[in-house]
Amino acid sequence: THLQEILKLAQVKVSKHLAYMKERGMVEANRRENRMIYSLSAGTCSELDRNLKCLQECIHDHPIFQEDLDELQRRWSEVLMFHGKPHERSLE
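Residues numbered from 1 in each chain as written. Predicted model: local features only at pLDDT ≥ 70, side-chain atom pairs only at ≥ 80, totals over all residues. Heavy atoms only, no water.

*Asks:* Teacher, can you tell me more about a nonpolar patch on the surface here?
*Replies:* On the surface, Leu-3, Ile-6 and Leu-7 cluster together to form a nonpolar patch covering roughly 240 Å² of accessible area. Assignment of secondary structure puts Leu-7 in helix 1 (residues 2–7). (Patch = residues over 30% accessible without salt bridge, like charges linked within 9 Å, V, L, I, M, F, W, Y side chains within 5 Å. Areas by Shrake-Rupley, 256 points an atom, 1.4 Å probe, with all protein chains shown as cover. Salt bridge = Lys/Arg side-chain N within 4 Å of Asp/Glu carboxyl O. Helix = DSSP H or I, 4+ residues; strand = E, 2+ residues; numbered from the N terminus.)

*Asks:* Would you take a moment to explain the layout of surface pockets for this structure?
*Replies:* In this approach the atoms are scanned with a rolling probe the size of a water molecule, which exposes any empty space left behind. Considered as a void within the structure, the largest pocket measures approximately 2,400 Å³ in volume. Contributing to the lining of the largest pocket are 45 residues, with His-2, Leu-3, Ile-6, Leu-7 and Leu-18 lying nearest its centre. Secondary structure elements with two or more residues in the lining of the largest pocket: helix 1, helix 2 (11–23), strand 1 (27–32), strand 2 (35–40), helix 3 (46–58) and helix 4 (63–82). Of all the elements, helix 4 adds the most residues to the lining of the largest pocket, at ten residues. Partitioning the lining of the largest pocket into residue classes produces 25 nonpolar, eleven polar and nine charged. (1 Å grid on protein atoms, 1.4 Å probe; cavity = no way out; pocket = protein on both sides within 12 Å on 5 of 7 lines; lining within 4 Å. Points joined across faces, edges and corners; volume = space filled by probe spheres on them. Nonpolar A, V, L, I, M, F, W, Y, C, P; charged D, E, K, R; others polar.)

In short, geometric facts, not functional conclusions.
See the structure below:
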């Protein structure tokens, strides 16, 4: 649900992307009740490493990344407030 809101994509599309990433060892999935919880894999994945390196190199050159970072920071603050931890570190 969170990814759907952030990415503004339909659930089926998000699920397909997550399945692709899981097949390639980029993410791990664990079922909790009726939800799947995804996290980055603990092991290394060369495809993920390449993509993250590319993003790290591009982040300062493209305004869309700053907009995304601002939105992510806003949502992270909401999560911390919801859990009663408003003073924990930011994502920056």
